Amino acid sequence: MAAFELTQIGNHSEAPLQKDLDKCVHCGLCLNSCPTYRELGVEMDSPRGRIYQMAQVAEGKTGISETYIEHMELCLACRGCESACPSGVQYGKLIEAARAHIEQNISRPWHVNLARDFVFGSLLSSRWMLTVAGAGLYMYQASGLQKLVRSSGVLKFFGRLHEIEMLSPSAETPFFFGQIGKVFPAEGEKRYTVALLAGCIANISFARLNEATVRVLQKNGCEVHIPKEQNCCGALHVHAGRKDDARALAKNNIDATLDGNFDAILTNAAGCGSTLKEYDELLEHDDAYRDKSLAFKAKMKDINEFLASIDIRPPAKPLAMTVTYQDSCHLCHGQKIRVQPRKVLAAIPGVVLKEMALSDLCCGSAGIYNVVHNEMAMSLLKNKMAAVNATGAECIVTANPGCMIQLQTGAKLHGKDQPVLHVVEVLDRAYRG
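This structure is a prediction, so every number in the text was calculated from the model and none was measured.

Looking at this structure, how should I read the environment of Ser359?
Inspection of the secondary structure assignment puts Ser359 in the loop between strand E9 (351–353) and helix H21 (369–372). In this structure Ser359 comes out as buried when scored by relative accessible area, which is 11%. Polar side-chain contacts of Ser359 include one of 3.5 Å to the side chain of Arg342.

Quick look at the structure:
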């Protein structure tokens, strides 16, 4: 039985716009850059095929069917097709609109709605709920229960639960929530005043990354503010078609940062960064926030983008390390940031970068895609790890927490258990000797 009912309400307020659909000339140059098409060879699971289906729905030639929903949901929204497209098709905008349109026009079973409302409507936007969930995860891991469950093999009797459980992130105590609202002074002369958006789940599972980000910024003369009223960026909500939830979160983040007179507003999560930089699209019809969203966007920077734009202070000692770099999809395709992370790595004495083949092809993480479409995600991960292993690098470096979780699993399953670090963590290690 399908996990939804096709009610065909006929609400088109979130649907893809015809002018955006018409930009696609169906040339097919996007096909080789699409992970699902590369895996399946199915036209309807390519960017061109999905846009064709969106156009059919927009023109009323077909309705929202189960097949249509399956093809839209199987997309990773990695936006690799945008980098390949000669016509400037904004595919990310189209797939997000298609999913929001689907969400407006289907009715899911009550238990599915309850779960989605809890995760997207409550959990991700509540610090205390995330803290409770993080504490539970910590107990599961620290008590040895996770190790016992994994070694017993019991999860293999429950479909793909074994593979999904392997993707559970570590709970890093103390959580970063305790730092929200604080100000960290610059080391030496103050050069910049910046705000850091700490994310949602990252406060639990990437607390050390957030701390490393603060230290690196301080080392480079930044006074770092962690705005008190910030919340989840809304990226997962947008990907799930819940744009109204994302709009509410966007307004709150704008209000939390825009009046702070910051030189830059920063994130260390590439996936979050794409959505944060597109608040103007989310709020383009909101008279009260249209101009505010544009002002926010003008200051919003990825941490690699910011560091590469200033003269970073060179580490005093070399860091002998051979690394390979995985381009996070929403950094290289969504934000067009490719050179900057490599520039930061090149500024660290002793670090040797060995490029992997197809470094900008999705690793299969894609938010919660690796959970809801685990089989496809794990197939992509296996291919990615083959490219990683071929470099012989001792460490995998990337720029997005979701990619880090995926690649850590890949290193265990298909690699040599290589450590996976964020670019900022490599720089922090160099500074700390």
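Is there a simple way to think about the environment of Thr267 in this case?
Position of Thr267 among the secondary structure elements: in strand E6 (residues 264–267). By relative accessible area, which is 3% here, Thr267 ends up buried. For the pair Thr267 and Gly199, spaced 68 residues apart in the sequence, the C-alpha separation amounts to 8.0 Å. Apart from residues no more than four positions distant in its own chain, Thr267 is found in contact with Leu196, Leu197, Cys272, Gly273, Leu276, Met300, Lys301, Asp302 and Ile303. Engagement of the side chain of Thr267 in a polar contact is seen with the backbone nitrogen of Ala269, the distance being 3.1 Å.

Even after reading the chapter, I still don't get unusual backbone geometry, so can you show me in this structure?
Residues apart from glycine generally show negative phi values, whereas peptide bonds are mostly found in trans. Following Thr173, the chain continues to Pro174 via a peptide bond in cis, the omega torsion being -5 degrees. Its place among the elements puts Pro174 in the loop between helix H10 (161–166) and strand E3 (183–184). With a phi close to 55 degrees, Asp417 is a non-glycine residue in the positive phi region. Within the fold, Asp417 resides in the loop between helix H23 (401–414) and strand E11 (420–422).

Cut-offs and rules
Residues numbered from 1 in each chain as written. Predicted model: local features only at pLDDT ≥ 70, side-chain atom pairs only at ≥ 80, totals over all residues. Heavy atoms only, no water. Helix = DSSP H or I, 4+ residues; strand = E, 2+ residues; numbered from the N terminus. Buried < 20%, exposed > 50% of the residue type's maximum accessible area, 1.4 Å probe, protein only. Polar contact = N/O pair within 3.5 Å; in protein donor to acceptor, adjacent residues only side chain to side chain. Contact = heavy atoms within 4.5 Å.

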